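Structural characterization, general
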Protein chains: 2
Amino acid sequence: MVVQLKDIAKRLNISISTVSRVINDTGRVNKDTRDLILKTIKEMGYQPNEVARSLKRKSANTLGVIVPDLSNSFYASVIKGVEKVARENEHSVIVCNSDEDILKEEEYVQLLLQKQVTGLVIATVGGNPELFEQYKRSGIPFVFIDNLPNTQENFDVVTIDNVKAGYDLAKHLVEQGHEKLAIITGPQNQSTAAERLLGFRKCLEDNGIDIREKWIGVGEFRRESGYDIMNEWLKQEELPTAIFAANDFLLYGAIRAILEKGLSIPQDIAAVCFDANDETGLVRPQITSIIQPAHMIGAIAGEIIMRKEKNKNLKVFEKVVLEPKLIINESSQIQTGR
Amino acid sequence: MVVQLKDIAKRLNISISTVSRVINDTGRVNKDTRDLILKTIKEMGYQPNEVARSLKRKSANTLGVIVPDLSNSFYASVIKGVEKVARENEHSVIVCNSDEDILKEEEYVQLLLQKQVTGLVIATVGGNPELFEQYKRSGIPFVFIDNLPNTQENFDVVTIDNVKAGYDLAKHLVEQGHEKLAIITGPQNQSTAAERLLGFRKCLEDNGIDIREKWIGVGEFRRESGYDIMNEWLKQEELPTAIFAANDFLLYGAIRAILEKGLSIPQDIAAVCFDANDETGLVRPQITSIIQPAHMIGAIAGEIIMRKEKNKNLKVFEKVVLEPKLIINESSQIQTGR
DNA sequence: ATGAAAGCGCTAACAG
DNA sequence: CTGTTAGCGCTTTCAT
């Protein structure tokens, strides 16, 4: 049987409140009884029931995180960042994988709300803005990362400037002399996908480069999408000389198509993307990429929630815009011989 | 304010038990009042408080998962497998990252127990067997994956035969004609690390190949370890012709060292490992590897827990041994020209 | 078919 | 310094 407060109280012939006091170190308790209680707790292997505590406290001391894809190392790092802050504040983390599915996402949001999470970090895949506005009224802080909700309402946000980052990444290609640029981006109801495309467009305009609508590919943020779109392009006579992908998986798929066709990177086609975090160190070609500070994004998101928990009446919304890094690698540089 | 049962009861001038009944669809309720209640619930945006429910139910309907490294795609897949089963059974998943740290692991186990999880899936990094035996008495099912606890007690386990897999992987190298074999494995208090080494040894013995103790490297399951150990070996005059690593990260580090030294794979040194799941499709050389059915491991682990929840008095322990696949790739095959 | 009331395990007033 | 008691929001007997 599981031992609980009343068991150790009974054993010691004292009241459960005294026991509770020493466990929570709140209020004074006679040194001797305190020691005795501590000893008994250990002996009996007492573990406080967090559910009961949560009910009383009206908070589960838990952060919820919803990401589209656990397998993407960008999100894995974000989660680690959230977890670090959660740990420091004695909270735990419920991780949910929406699998790029809006319905699943909504389901998980509800679930987390019902679980009385302290706050919620979410990389939405384009969820209904009205729902978010409704949830907002629940008072549970939502911190958006990566993708922002498509609404004018104020929310807490930790992100990068995706338009600028897209611009910079395209700029890099332009500086390498490319004029036939193609882009593969994600679902346009996801702000990252839309904004990176926007930055790309702007850069081309600013540099007087033709935007070829046929070379604007829109897919899912998955390898298959990148592969399929690229293959379509490869069937045509005229080929782009550079590919810009809005995330890493899209590019991996595209590169696979390119290589299968017998073309080389970057000689025939240069390739760049967002968040090519190479956990193996062996991805070839090494990818030129905009790298978001994923761990920090997660950590800051967690901190915002902790701050709001401590200061409930703090009704200010934070919009944190972090600086990503452009890492230039062989996938976009004509090799200058060894 | 958050709306709760009593609010909608008050509004309708009925008792909360009736409302509860329609929500849980338990017991009969007049069709009209039921419809009215349903309507009001929607209007007021009622969300049941899962914490209160959990307290009453004495279970949080949640599975806990503890893995050593969220960034390793093997574990990411395991988690997805658990999550799938959890979803199907209307449970959620709390993911914890022990970061290969025994203390953190113990902390998380405690936390999850306190949270009244329905069960716990754990890839231990060598936690104290006595603790596990103690926890077992709590009645909450622990399902071990990947690493097994170092104890004779019965536990639920979903794994592969690591000795055999290690044997097979080594065998492959032997069949390629290698006689100077080196192994890089993980902490020996982790069963996977120890058993894979065992299989390796056995294979060499069976094939009359010298086991060179100097080429048995023991590190952490991280890239740096693989890199450092390999670099030590590379300093010496005599080099192995093949490297066997007990996990992917170890091998990635080793390969990096090999390549930096200007040697090639597999011509100078062949390289194989466990669980080289290439999410990018661009890792070069492509790694010969034993691949565990990660998703299935997670799913089965989840199912065991669900089964035990439904049938509390089921005191049988399941030991599921799955079949891994040996994927042969360029990292271990002398190319026969194109 | 519905309501009253007990209780899940704990915390925190309040009283002594 | 310690005990009594009232909830936290919900489910579930037990009456009616």
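Remember, it's a predicted structure, so these values are computed and weren't measured experimentally.

Further remarks concern the pattern of salt bridges. Residue and element names in this part refer to chain A. With the rule as written, the count across this model stands at 45 salt bridges over all chains. A salt bridge links Lys164 to Glu323, with the shortest nitrogen-to-oxygen separation between them at 3.9 Å. Here Glu323 lies in the loop between β11 (319-322) and β12 (325-327) and Lys164 lies in helix α8 (residues 162-175), a separation of 159 residues in the sequence. Between Glu220 and Arg222 there is a salt bridge whose closest N-O contact spans 3.9 Å. Owing to a relative accessible area of 29%, Arg222 belongs among the partly exposed residues under this scheme. In this structure, a network of salt bridges that share partners links the residues Lys180, Arg212, Lys214 and Glu238.

What follows concerns the nonpolar core. In terms of nonpolar packing, the biggest core is built from 97 residues, with Val158 and Phe244 of chain A together with Val158 and Phe244 of chain B touching the most fellow members. Once residues lying within four places of it in the same chain are set aside, the contact partners of Val158 of chain A are Val143, Phe144, Ile145, Asp146, Ile297, Ile300, Ala301, Ile304, Val320 and Leu322 of chain A. Among the nonpolar cores identified, the runner-up in size contains 59 residues, and Ala193, Ala276 and Val283 of chain A together with Ala246 of chain B belong to it.

The local shell around DNA strand C holds 25 residues, among which Tyr46 of chain A together with Thr18, Arg21, Arg28 and Asn30 of chain B are the closest. When atoms of DNA strand C within 4 Å of the protein are sorted by moiety, sugar and phosphate together comprise 63%. The side chain of Ser17 of chain B places a nitrogen or oxygen atom 3.3 Å from a base nitrogen of DNA strand C. Elements with a minimum of two residues in the surface near DNA strand C: α2 (16-24) and α4 (50-57) of chain A together with α2 (16-24) and α4 (50-57) of chain B. Here the residues of the surface near DNA strand C sort into eight nonpolar, ten polar and seven charged.

All chains considered together, the criterion is met by six cavities of 30 Å³ or more. Looking at the largest cavity, its volume works out to about 240 Å³. When the residues that make up the lining of the largest cavity are grouped by side-chain class, the tally is nine nonpolar, ten polar and six charged. Put simply, the second largest cavity is a space of about 190 Å³. Considering the residues around the second largest cavity, the lining is formed by 15 residues, among which Ala60 and Lys115 of chain A together with Val51, Ala60 and Lys115 of chain B are closest to the centre. At the level of secondary structure, the elements contributing two or more residues to the lining of the second largest cavity comprise α4 of chain A together with α4 of chain B.

A few words now on the sheet that holds strand β8 (residues 242-245) of chain A. All names here are of chain A. Read across the open sheet, the six strands follow the order β7-β6-β8-β9-β10-β12; overall the sheet is mixed. Two strands in the sheet have a free side with no partner beyond their single neighbour: β7 (216-218) and β12. In this sheet, adjacent strand axes meet at a mean angle of 15 degrees when their direction is disregarded. Looking at chain direction, strand β6 (residues 181-185) and β7 are connected through three bridges and run parallel. Each residue of the ladder has a partner; that of Thr185, found in β7, is Val218. The strands touched by helix α10 (residues 223-235) within the sheet are β6, β7 and β8, with β6 carrying the most contacts at an inclination of about 150 degrees.

Moving on: the pairing of strand β5 (residues 156-160) of chain B. Looking down a regular strand, the side chains alternate between one sheet face and the other. Residue and element names in this part refer to chain B. For β5, the tally of buried residues reaches five of five residues, placing the bulk of the element in the interior. By the alternation rule, side chains of β5 split into Asp156, Val158 and Ile160 and Val157 and Thr159, which are all buried. Inspection of the sheet shows strand β4 (residues 142-145) paired to β5 by three bridges, in the parallel sense. Bridging across to β5, Ile145 finds its partner in Val158. Where β5 and strand β11 (residues 319-322) come together, four bridges link them in parallel fashion.

Next up on the list: unusual backbone geometry. Cis geometry marks the peptide bond from Ile265 of chain B to Pro266 of chain B; its omega dihedral reads 5 degrees. When you line up the elements, Pro266 of chain B lands in the loop between α11 (248-260) and β9 (270-274). Cis geometry is adopted by the peptide bond preceding Pro285 of chain B, which originates at Arg284 of chain B and carries an omega value of 0 degrees. Relative to the helices and strands, Pro285 of chain B is located in the loop between β9 and β10 (288-291). Located in the positive-phi region is Glu90 of chain A, a residue other than glycine, with phi close to 55 degrees. On the secondary structure map, Glu90 of chain A appears in the loop between α5 (73-88) and β2 (92-97). Taking relative accessible area as the criterion, Glu90 of chain A reaches 68% and is therefore assigned exposed. Here Glu100 of chain B, not a glycine, exhibits a phi torsion of approximately 60 degrees, which is positive.

Per the stated rule, a full pass over the model turns up 18 aromatic pairs over all chains. Summarising the aromatic geometry, the rings of Tyr135 of chain A and Phe142 of chain A are spaced 5.9 Å apart at their centres and angled 10 degrees between planes, so their arrangement reads as stacked. Among the aromatic residues, those joined into a ring-pair cluster are Phe132, Tyr135, Phe142, Phe144 and Phe155 of chain A. In this structure, Arg196 of chain B is placed above the aromatic ring of Phe274 of chain B, and the distance from its NZ or CZ to the ring centre is 3.9 Å. The positively charged end of Arg256 of chain B is found above the aromatic ring belonging to Tyr227 of chain B, 4.6 Å away from the centroid.

Moving on to the protein's contact with DNA strand D. Of all residues adjacent to DNA strand D, which total 25 residues, the nearest are Ser17, Arg21, Arg28 and Asn30 of chain A together with Tyr46 of chain B. The contact atoms of DNA strand D, taken as those within 4 Å of the protein, divide so that sugar and phosphate hold 59%. Between Gln4 of chain B and DNA strand D, the recorded distance is 3.4 Å, taken from a side-chain N or O atom to a phosphate oxygen. With five residues, α2 of chain B is the largest single contributor of residues to the surface near DNA strand D. For the surface near DNA strand D, the residue count by class is eight nonpolar, ten polar and seven charged.

Turning next to α10 of chain A. All names here are of chain A. Compared with an ideal rise of 1.5 Å per residue, which puts 13 residues at 18 Å, α10 spans 19 Å between its outermost C-alpha atoms and is within 8% of the ideal. For α10, every residue scored as buried is listed here: Ser225, Gly226, Tyr227, Ile229, Met230, Trp233 and Leu234. At its buried positions, α10 is contacted by β6, β7, β8 and α11 (248-260).

Attention now moves to the side chain of Lys115 of chain A. Here Lys115 of chain A shows up in the loop between α6 (102-114) and β3 (119-122). There is no salt bridge for the buried Lys115 of chain A, and the closest opposite charge comes from Glu50 of chain B, which lies 5.1 Å off by N-O distance.

The next thing to look at is the UniProt feature "domain: HTH lacI-type" (unreviewed entry) in chain A. The positions UniProt marks with the feature "domain: HTH lacI-type" (unreviewed entry) are residues 3-57 of chain A. From the first C-alpha to the last, residues 3-57 of chain A spans 21 Å; its make-up is 71% helix and 0% strand.

Quick look at the sheet that holds strand β7 (residues 216-218) of chain B now. Within a sheet, adjacent strands bond to each other through the backbone by hydrogen bonds, running parallel or antiparallel. Residue and element names in this part refer to chain B. The six strands lie next to each other as β7-β6-β8-β9-β10-β12, forming an open sheet whose pairing is mixed. Each edge of the sheet is formed by a strand with only one pairing partner; in this case those strands are β7 and β12 (325-327). The mean angle between the axes of side-by-side strands here comes to 15 degrees, regardless of whether they run parallel or antiparallel. Sheet topology note: the strand β6 (residues 181-185)/strand β8 (residues 242-245) ladder contains four bridges and is parallel. Bridge pairing in β8 links Ile183 to Phe244. Taken strand by strand, helix α10 (residues 223-235) contacts β6, β7 and β8, and its axis lies near 150 degrees from that of β6. Sitting on the sheet, α11 touches β6, β8 and β9, and the angle it makes with β9 is about 160 degrees.

The rules behind these values
- Residues numbered from 1 in each chain as written.
- Chains lettered and ligands numbered in written order.
- Predicted model: local features only at pLDDT ≥ 70, side-chain atom pairs only at ≥ 80, totals over all residues.
- Heavy atoms only, no water.
- Salt bridge = Lys/Arg side-chain N within 4 Å of Asp/Glu carboxyl O.
- Helix = DSSP H or I, 4+ residues; strand = E, 2+ residues; numbered from the N terminus.
- Buried < 20%, exposed > 50% of the residue type's maximum accessible area, 1.4 Å probe, protein only.
- Core = buried A, V, L, I, M, F, W, Y, C linked by side-chain atoms within 4.5 Å.
- Contact = heavy atoms within 4.5 Å.
- Near = heavy atom within 4 Å.
- Polar contact = N/O pair within 3.5 Å; in protein donor to acceptor, adjacent residues only side chain to side chain.
- Nonpolar A, V, L, I, M, F, W, Y, C, P; charged D, E, K, R; others polar.
- 1 Å grid on protein atoms, 1.4 Å probe; cavity = no way out; pocket = protein on both sides within 12 Å on 5 of 7 lines; lining within 4 Å.
- Points joined across faces, edges and corners; volume = space filled by probe spheres on them.
- Pairing = 2+ DSSP bridges.
- Axes fitted to C-alpha atoms, helices over the stretch in contact; angles between N-to-C directions.
- Phe/Tyr/Trp six-rings, centres within 6.5 Å; stacked < 30°, edge-to-face > 60°.
- Lys NZ or Arg CZ within 6 Å of the ring centre and 35° of its normal.
- Expected span 1.5 Å × (residues − 1).
- Lys, Arg positive; Asp, Glu negative; His and termini not counted.
- UniProt positions renumbered as here; feature names shortened; annotations may be inferred.

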